[in-house]
Structures are given as C-alpha cells and as structure tokens.
Amino acid sequence: SYFRIIFRNIYGTSPRKYINELRLSHSKELIKSGMYTVAEAAELSGYIDMSYFSREFKKAFGICPSDCRKNI
C-alpha cells in the first residue's frame, strides 16, 4: 500500500491504471504499424481475452481496434 501511495503521488494515477495505459498504447502502436492484426497486437500487449481488450481499447481511445486498423 505504501508503494501505491508513493506511485500515485509521483505519477498521479494508480500503478494498475498506469500499466494498463502502457499496454493499450503499445497495442495501438502495433496496430498502427500495419504489421500485426488486432488479435496479435492484443496478445503481444498481454491481453488474452479479445472482448475485454476491445472494450478497454474503445474506452481509452474512443475507437474500436478494428476501426483503428482500417484508418491506417
């Protein structure tokens, strides 16, 4: 709990939320590169459940991962 307090004071967010944001931004970059499918990008970013990944991606970026891939 002490770590969470220090982390929140420094970064302004919880460690879990920070890690999830990193994972999602990494997956977005993989999708935008055009070298990976949405499923591959999700798996490489540590997501096992595609529906969970899609919900979190849309919540974070306001666009579905497949739409992000189409906009390349």
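Structural data are supplied above this passage.
Here is what the cut-offs are and how they apply
- Numbers given for residues are sequential positions, taken from 1 along each chain in its written order.
- Confidence filtering applies because this is a predicted model: local features only for residues at pLDDT of at least 70, side-chain atom pairs given and counted only at 80 or more, and all residues used for totals across whole chains, interfaces and linings.
- The side-chain values count all of the structure's non-hydrogen atoms but skip hydrogen atoms and water molecules.
- Only DSSP runs of H or I reaching four residues or more are called helices, and only runs of E reaching two or more are called strands; each is numbered from the N terminus.
- Exposed residues in this analysis have more than 50% of their type's maximum accessible area, buried residues have under 20%, and partly exposed residues fall in between, with area computed by a 1.4 Å probe over protein chains only.
- By the convention used here, residues are in contact when the closest approach between their heavy atoms is within 4.5 Å.
- Surface accessibility in these figures is a Shrake-Rupley result with a 1.4 Å probe; residues are shielded only by whichever protein chains are displayed.
- Charged residues are defined narrowly, with Lys and Arg counted positive, Asp and Glu counted negative, and His plus the chain ends left uncounted.
- Charge placement uses NZ in Lys and CZ in Arg. For Asp and Glu, CG and CD serve respectively.
- Stacked, tilted and edge-to-face are the three classes assigned to paired rings of Phe, Tyr and Trp, where Trp is represented by its six-membered ring and a pair needs centres within 6.5 Å; plane angles under 30 degrees give stacked, over 60 edge-to-face, the rest tilted.
- The nonpolar core is taken to be a set of buried Ala, Val, Leu, Ile, Met, Phe, Trp, Tyr and Cys residues, with the residues joined through side-chain atoms within 4.5 Å.
- Think of a polar contact as two N or O atoms within 3.5 Å of one another; within protein, one of them needs to be a possible hydrogen donor and the other a possible acceptor, and neighboring residues in sequence only count if both atoms come from side chains.
- Salt bridge criterion: a side-chain nitrogen from Lys or Arg within 4 Å of a carboxyl oxygen from Asp or Glu.

**Observations concerning the overall build of the chain**
- A count of helical and extended segments in the chain gives five helices and zero strands.
- The linear arrangement of helices and strands in the chain, starting from the amino end, is α-α-α-α-α.
- Seen through its C-alpha atoms, the chain measures out along the principal axes to roughly 40 × 20 × 20 Å.
- Within the chain, the fraction of its 72 residues that count as buried is 24%.
- Considering only intrachain contacts with a sequence separation of at least 6, the fraction spanning at least 24 residues in the chain is 42%.
- Total accessible area computed for the chain in this model is approximately 5,200 Å², and 55% of it derives from carbon and sulfur atoms.
- Charge-centre separation for the chain: the mean point of 12 positive side chains lies 7 Å from the mean point of 7 negative side chains.

**A look at the packing of aromatic side chains**
- The full count for this structure, using the stated rule, is eight aromatic pairs.
- Taken together, a centroid distance of 6.1 Å and an interplanar angle of 45 degrees make the contact between Tyr47 and Tyr52 tilted.
- The buried category is assigned to Tyr47, whose relative accessible area is 6%.
- Ring geometry for Phe53 and Phe57: centres 5.6 Å apart, planes at 55 degrees, overall tilted. Taken together, the residues Phe53 and Phe57, both in helix 4 (residues 50-61) and four residues apart, mark about one turn of the helix.
- Through a chain of ring-to-ring contacts, three or more aromatic side chains come together here, namely Tyr47, Tyr52, Phe53, Phe57 and Phe61.

**Quick look at the nonpolar core**
- Judged by nonpolar contacts, Leu24, Leu30, Ile31, Val38, Ala41, Ala42, Tyr47, Phe53, Phe57 and Cys68 together constitute the single largest core of ten residues.
- Counting only elements with at least two residues in this core, the list comes to helix 2 (15-33), helix 3 (38-44) and helix 4.
- Apart from the residues lying within four places of it in its own chain, the contact partners of Phe53 are Leu24, Ser27, Ile31, Val38, Ala42, Tyr47 and Pro65.

**A look at the side chain of Glu56**
- Tracing the backbone through its elements, the reader meets Glu56 in helix 4.
- With relative accessibility at 16%, the residue Glu56 sits in the buried group.
- A polar contact of 3.2 Å, which involves the side chain of Glu56, links it to the side chain of Lys59.

**Remarks on the pattern of salt bridges**
- Scanning all chains against the criterion turns up one salt bridge.
- Linking Lys59 and Glu56 is a salt bridge whose minimum nitrogen-to-oxygen distance equals 3.2 Å. With Lys59 and Glu56 both in helix 4 and three residues apart, the pair spans about one turn of that helix.
- You can call Lys59 exposed: its relative accessible area is 63%.

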